[in-house]
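Here's the letter readout for the chains.
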There are 2 protein chains.
Amino acid sequence: MPENPDAFAHPASRLALEVFRLNGALIATGDALVAPLGLTSARWQVMGAVAEACGGQPVAGIARNMGLVRQSVQRIVDELAAEGILRFAPNPHHRRAKLVQLTERGEALFAEASRRWLVLADALAAALGAEDVARAAEVLCAAREHLHQAQAREEEAA
Amino acid sequence: MPENPDAFAHPASRLALEVFRLNGALIATGDALVAPLGLTSARWQVMGAVAEACGGQPVAGIARNMGLVRQSVQRIVDELAAEGILRFAPNPHHRRAKLVQLTERGEALFAEASRRWLVLADALAAALGAEDVARAAEVLCAAREHLHQAQAREEEAA
DNA sequence: GGCATTATGACTGTATGCTGTCAAATCGAC
DNA sequence: GTCGATTTGACAGCATACAGTCATAATGCC
């Protein structure tokens, strides 16, 4: 056992495992955080992307910013629009691709969700150290870019 | 805008975003990596947990090790067993909770998957620095524990 | 101006994970 | 030894994300 390459002990393996686990923990925590507002982690994340875009992006653009496919975002956006949390505004550059915006109710909900999250985020940063948290985020970002490039080279070869 | 607390710029927010994105990238990369073997990221991860347990755990135990619920793992295990990749062995301590083990074919598949992964893992560690990767993994682990504790306190209060 | 390419939304199907629920089996307090 | 609590497997339902496909709208090349 010691002489064969132990994939479990590899630093990259440990990182991948922790990403999977923390991803699950973050979704669970987020769900619990915004459930009293009638939201879920996925809805909250979509609202965040809409807020970040300041209501100037169609569904496909929001999906790109989130790193998801259009279809996943479209379903959430449709649900949130049906509940009066998001609305569609005319797009001067594209007749079909309406711009997605937060309604007043959506703005209020997102502000309340952000307030709740910041309490937890501050506690996290204080417990782990803001510096270390920021460095970890940079490593994850670099890892993602490396994977994307490797994937691109793989597809190019095929 | 500058005077209100910008939740997007918070170090913990950036970390959470990168975790979501890297999680997706890792699953996509893993799927591409083991697809030629007839596997998926989820199946591969379950096989990894079975391999790590050396065939001495029932489904519920494997799920605990992976941080998932029993039901998610059970479905994958049943599929892999139907394909001759996993098998169930009698459990001397529990009549119903059979032990999950890799078959010979499963061992071979997992070894090949590990071999493919290690190429990518080595490249990742080399590009980002094994030290930084390990440190990032530790930060993610600490973040998860912090979230679990916060969740536990929340439930206790309710 | 016309046409191929790309972008976008809509629809369908599939994979993965969670929750809820139930019965069987085990474990522990007494 | 008995009975309640816990663990485990099994089944059903739901949420989220992906891939494939099609029609429509926009863009770019000629």
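Residues numbered from 1 in each chain as written. Chains lettered and ligands numbered in written order. Predicted model: local features only at pLDDT ≥ 70, side-chain atom pairs only at ≥ 80, totals over all residues. Heavy atoms only, no water.

Asker: What is the right way to read the packing of aromatic side chains from this model?
Answerer: Ring pairs (aromatic) are described by centroid distance and by the angle formed between their planes. Residues and elements named next belong to chain A. With the rule as written, the count across this model stands at four aromatic pairs over all chains. Note on Trp44 and Trp117: the rings are 6.1 Å apart at their centroids and 65° apart in plane angle, and the pair reads as edge-to-face. With a gap of 73 residues between them, Trp44 in helix 2 (residues 41-52) and Trp117 in helix 5 (residues 104-128) connect regions that are remote in the sequence. Take Trp44 and Trp117: they sit in the same class, and that class is buried. (Phe/Tyr/Trp six-rings, centres within 6.5 Å; stacked < 30°, edge-to-face > 60°. Helix = DSSP H or I, 4+ residues; strand = E, 2+ residues; numbered from the N terminus. Buried < 20%, exposed > 50% of the residue type's maximum accessible area, 1.4 Å probe, protein only.)

Asker: How do you make sense of the protein's contact with DNA strand D when you look at a structure like this?
Answerer: Contacts to DNA strand D come from 20 residues, most closely from Thr40(A), Gln71(A), Arg95(A), Arg64(B) and Arg70(B). Here, DNA strand D places atoms within 4 Å of the protein, and 62% of those atoms are sugar or phosphate. The contact in question runs from a phosphate oxygen of DNA strand D to an N or O atom on the side chain of Thr40(A), over 2.7 Å. A distance of 3.5 Å separates a base oxygen of DNA strand D from a polar atom in the side chain of Arg96(B). Among the secondary structure elements, those contributing two or more residues to the surface near DNA strand D are helix 4 (70-82) and strand 2 (94-102) of chain A together with helix 3 (59-66), helix 4 (70-82) and strand 2 (94-102) of chain B. Of the residues contributing to the surface near DNA strand D, the split by class is seven nonpolar, seven polar and six charged. (Near = heavy atom within 4 Å. Polar contact = N/O pair within 3.5 Å; in protein donor to acceptor, adjacent residues only side chain to side chain. Nonpolar A, V, L, I, M, F, W, Y, C, P; charged D, E, K, R; others polar.)

Asker: Explain the pattern of salt bridges to me, please; I cannot follow it from the model alone.
Answerer: A side chain with one charge can pair with a side chain of the opposite charge if their charged atoms come near. Residue and element names in this part refer to chain B. All chains considered together, the criterion is met by 16 salt bridges over all chains. A salt bridge links Arg43 to Glu79, with the nearest nitrogen and oxygen atoms 3.0 Å apart. With Arg43 in helix 2 (residues 41-52) and Glu79 in helix 4, the pair connects residues that are 36 residues apart, well separated along the chain. Owing to a relative accessible area of 12%, Arg43 belongs among the buried residues under this scheme. Taking the relative accessible area as the measure of exposure, Glu79 reaches 28% and is therefore partly exposed. Glu79 serves as the salt-bridge partner of Arg75, at 3.2 Å between the closest nitrogen and oxygen. Highlighted residues: Arg75 and Glu79, both in helix 4, separated by four residues, approximately one helical turn. (Salt bridge = Lys/Arg side-chain N within 4 Å of Asp/Glu carboxyl O.)

Asker: What's the story with helix 4 of chain B in this structure? I'm lost.
Answerer: One turn of the α-helix equals 3.6 residues, which is why residues spaced by three or four share an orientation. Residue and element names in this part refer to chain B. For helix 4, built from 13 residues, the straight-helix expectation of 18 Å at 1.5 Å per residue is met to within 8% by its first-to-last C-alpha distance of 18 Å. Buried within helix 4 we find Val73, Ile76, Val77 and Leu80. In an axial view of helix 4, the angular spread of the buried residues amounts to 100°, which keeps them on one side of the axis. Exposed side of helix 4, more than 90 degrees from the buried face: Gln71 and Ala82 are the residues found there. Buried residues belonging to helix 4 abut helix 2, helix 3, strand 1 (86-91) and strand 2. Two residues or fewer after helix 4 comes Gly84, characterised by a positive phi angle close to 80°. (Expected span 1.5 Å × (residues − 1). Arc of directions from axis to C-beta. Contact = heavy atoms within 4.5 Å.)

Asker: Would you take a moment to explain the protein's contact with DNA strand C for this structure?
Answerer: As a structural note, the neighbourhood of DNA strand C is formed by 20 residues, with Arg64(A), Arg70(A), Thr40(B), Gln71(B) and Ser72(B) the closest of them. What you see for DNA strand C is that sugar and phosphate hold 61% of its atoms within 4 Å of the protein. Arg96(A) places a polar side-chain atom, nitrogen or oxygen, 3.4 Å from a base oxygen of DNA strand C. Within the side chain of Thr40(B), one N or O atom sits 2.6 Å away from a phosphate oxygen of DNA strand C. At the level of elements, helix 3 (59-66), helix 4 and strand 2 of chain A together with helix 4 and strand 2 of chain B are the ones that each hand at least two residues to the surface near DNA strand C. Residues belonging to the surface near DNA strand C are distributed by class as follows: seven nonpolar, seven polar and six charged.

Asker: Before we go on, may I ask you to explain the layout of surface pockets in this structure?
Answerer: Picture a little ball the size of a water molecule; that probe, rolled over the atoms, points out where space is still empty. Here the largest pocket defines a volume of roughly 1,300 Å³. If you go around the largest pocket, you meet 47 residues; those closest to its centre are Gln45(A), Met66(A), Leu17(B), Phe20(B) and Arg21(B). Sorting the residues of the lining of the largest pocket by element identifies helix 1 (11-34), helix 2, helix 3, helix 4, helix 5 and helix 6 (130-157) of chain A together with helix 1 (11-34) of chain B as the ones contributing at least two each. No other element matches helix 1 of chain B, which puts 11 residues into the lining of the largest pocket. Together, 41 residues line the second largest pocket, and Leu17(A), Phe20(A), Arg21(A), Gln45(B) and Met66(B) are the ones closest to its centre. At 11 residues, the largest contribution of residues to the lining of the second largest pocket is made by helix 1 of chain A. Considering only residue class, the lining of the second largest pocket consists of 21 nonpolar, 15 polar and five charged. (1 Å grid on protein atoms, 1.4 Å probe; cavity = no way out; pocket = protein on both sides within 12 Å on 5 of 7 lines; lining within 4 Å. Points joined across faces, edges and corners; volume = space filled by probe spheres on them.)

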